[in-house]
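# Close look at the chain arrangement
Now for the letters of each chain:
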Amino acid sequence: MKRKLGRGVAVVGAGVGKFGAFPRHDSRDLFAQAFRELRASVDRGFDPAEVEALYLGNYSSDLFEHQGHLAPIVASWVGLTPRAALRVEDACASGGVALRQAVLAVASGLYDVVLVGGVERMTALPTEAVTDTLATAGDVLYEFSAGFTFPGFYAAMATAYAAKYGMPYEALFAVARKNHAHGALNDKAQFGMTIRAIMDRRMAKAREKGGPVPSWEDELDFLRDPGANPPVAWPLRLFDCSPITDGAAALLVVAEKVARRYTDRPLRVLGTGQASDACLYGRADLASLRAAREAAAQAYAMAGVTPDQIKLAEVHDCFTIAEVLAIEDLGLFPPGQGWRAAADGATSREGRIPVNTSGGLKAKGHPVGASGVAQVVELWKQMRGEAGPRQVARDVDLALAHNVGGTGQTCVVHILERG
Amino acid sequence: MVEREFTHASWAEFLAEGKLMGVRCRACGALSAVPRLVCPACRVEDLEWVELSGRGAVEGFTVIHVPPTPLAAAGYGRDRPYASAVVRLDEGPWITAQLVGVDPQRPESLRVGMRVRAEVVHQGEAVRLGFRPEG
């Protein structure tokens, strides 16, 4: 059934902080930086006193920082007290789901002006503890005990996809190269470097130290080298995985009827969809995410558009294989064809449908609760022609964000139109 | 069949006794390899424990080099990886488990569709489900 929002909802401000490892910043500090950029992005300015509620996407400040009940603290840090503040948790889809909840609250008429946030501070824990924390987004009883980690889950999807469609594993290198190439143009990215630049830097460092200099012929040679690109969960290697990241993002979401108070160029939320699925062992197919297909179907139906009308997409590439599955689940490429897209250039900045112009989670970084919000910040910048050196040449009047929680137990999709 | 609560604790108890147990819906026949209280297919609350053959085929797999802390404590790590898989049991339902009796250093020796058989693995105090390639 086609669903509609009760009333129009628009995005009128967006901001993101630098992604990376910030030992001296905790979640509230990270969020305050995103909030500052958001504030500067509102064309006619805005008074934070107008904000009626904060919806904060955050996966696990409890485990990452030993801090629960984060939303009121964050609200207080940016001067929103005593407004309603709540944390939204759906694993790595927390940010996208926080946006959706904010959209629903505004569409219902309850609020006119809400702040959506996403934040995660992950680097305070050692890698093994981060691996454990992320694994809790799977089934602790039946998957964690089977030895699965998050890279392991997606690795199993990669083997299933490769067996089903004949994808050579090296095809995934193209996704990493493309997203790093995009990330190199993003000054907020954690890894704002091309694979080539990373490779050259390692060779230069080896030369400096006077040790043996690796003799990689090109990026492919570098990515094939198990020393430079070791397996994490075979067939996925280090450069197939998004990094451990600290970061935050924010959006100002308002009722369409008040949008002009803030800007003449609002983005309209045309469609929103969300779905759930069982854990991996409860699926019928490992080579596609049912929740993503369902969420996309809802969002397309609400927006009244088809996949071929989408001009740009930010999709959940926590692992290279995840981007391949995403562009198929969203209907941007036919099933079994997505693995060729990055190598063919179809998803590059100049391609038919640019995907992850921000660098994606792969290169920009993946502060899990912030990622879904940061995706929409990228859409904001691209749709308004404010993406700087990575601005796509074509006019982006319709764009999509796709945010996955866990191994696809949650997926949320948003479609935005320039008003 | 002994009536036990439809919980993970019961499932793990069965496993320690050497049995891979699932639940079947008496109303619609749907099978699940893990216990449920409500049938996820028809939502009826009329389930029974059934013993599964433990035979199946690999749907997807991985060889993990960066383990979670419990497996790191058990001695696994970058130089000693292990394999885990999603297995489709012959009766239909899927389950996740470690692969045993395989060479994790040669992931190319593993493949989707590979026939496997369930086995109870004792790791220190822990009892886990494992699958070993057949033949």
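See above for the structure.
Just so it is clear, the structure is predicted and the values come from calculations on it, not from any experiment.

A few words on the packing of aromatic side chains. We describe a pair of aromatic rings using the distance from one ring centre to the other and the angle between the two ring planes. Counting across every chain of the model gives 15 aromatic pairs over all chains. Consider the rings of F150(A) and F153(A), whose centres lie 5.0 Å apart with planes at 80 degrees: the pair is edge-to-face. Note that F150(A) and F153(A) are positioned in helix α6 (residues 150–165) at a spacing of 3 residues, about one turn of the helix. Of the two residues, F150(A) and F153(A), both sit in the buried class. Through a chain of ring-to-ring contacts, the aromatic side chains of F148(A), F150(A), F153(A), Y154(A) and F319(A) assemble into a single cluster. In this arrangement the basic side chain of R28(A) is found over the ring face of W77(A), its NZ or CZ atom lying 4.5 Å from the centre. Looking at R4(B), its charged tip hangs above the ring of F14(B), at a distance of 4.1 Å from the centre.

This part is about empty space enclosed by the protein. Residues and elements named next belong to chain A. A full pass over the atoms with the stated rule returns 2 cavities of 30 Å³ or more. When its volume is computed, the largest cavity comes out at roughly 40 Å³. Every residue lining the largest cavity is listed: Y154, L289, H316, A322, L325, A326, D329, H402 and V404. Those elements giving two or more residues to the lining of the largest cavity turn out to be α11 (320–329) and β10 (398–405). For the lining of the largest cavity, the element with the highest residue contribution is α11, accounting for 4 residues. Grouping the amino acids of the lining of the largest cavity by side-chain chemistry returns 6 nonpolar, 2 polar and 1 charged. By volume, the second largest cavity is sized at about 30 Å³. Those elements giving two or more residues to the lining of the second largest cavity turn out to be α14 (368–383), β10 and β11 (410–418). A breakdown of the residues in the lining of the second largest cavity according to their chemical character gives 3 nonpolar, 6 polar and no charged.

A few words now on the interface of chain B and chain A. Opposite the 31 residues of chain B that make contact, chain A presents 29 residues. In total, chain B and chain A occlude about 2,500 Å² of area from one another, counting both sides; carbon and sulfur atoms represent 67% of this. Broken down residue by residue, the surface that chain B buries against chain A is led by H8(B), W94(B) and T96(B), which jointly contribute 23%. The tally of links from chain B across to chain A stands at 0 salt bridges. Put simply, chain B and chain A have 12 residue pairs in polar contact (both at pLDDT 80 or more) between them. Every element with two or more residues in the side of chain B that touches chain A is listed here: α1 (8–16), β4 (55–64), α2 (69–73), β5 (82–89) and β6 (94–99) of chain B. For the side of chain B that touches chain A, the residue count by class is 19 nonpolar, 8 polar and 4 charged. Bridge analysis of strand β5 (residues 231–234) of chain A against β4(B) gives 2 bridges, and the strand direction is antiparallel. Each bridged residue has a counterpart across the sheet, and for W234(A) the counterpart in β4(B) is V63(B).

Here we take up the side chain of N179(A). All names here are of chain A. As for its position among the elements, N179 is in helix α7 (residues 171–183). Judged by relative accessible area, which is 0%, N179 ranks as buried. The residues contacting N179, other than those within four sequence positions of it, are D317, E323, V355, N356, G359, K362 and A363.

The rules behind the values
Residues numbered from 1 in each chain as written. Chains lettered and ligands numbered in written order. Predicted model: local features only at pLDDT ≥ 70, side-chain atom pairs only at ≥ 80, totals over all residues. Heavy atoms only, no water. Phe/Tyr/Trp six-rings, centres within 6.5 Å; stacked < 30°, edge-to-face > 60°. Helix = DSSP H or I, 4+ residues; strand = E, 2+ residues; numbered from the N terminus. Buried < 20%, exposed > 50% of the residue type's maximum accessible area, 1.4 Å probe, protein only. Lys NZ or Arg CZ within 6 Å of the ring centre and 35° of its normal. 1 Å grid on protein atoms, 1.4 Å probe; cavity = no way out; pocket = protein on both sides within 12 Å on 5 of 7 lines; lining within 4 Å. Points joined across faces, edges and corners; volume = space filled by probe spheres on them. Nonpolar A, V, L, I, M, F, W, Y, C, P; charged D, E, K, R; others polar. Contact = heavy atoms within 4.5 Å. Buried area = accessible area lost by both parts, 1.4 Å probe. Salt bridge = Lys/Arg side-chain N within 4 Å of Asp/Glu carboxyl O. Polar contact = N/O pair within 3.5 Å; in protein donor to acceptor, adjacent residues only side chain to side chain. Pairing = 2+ DSSP bridges.

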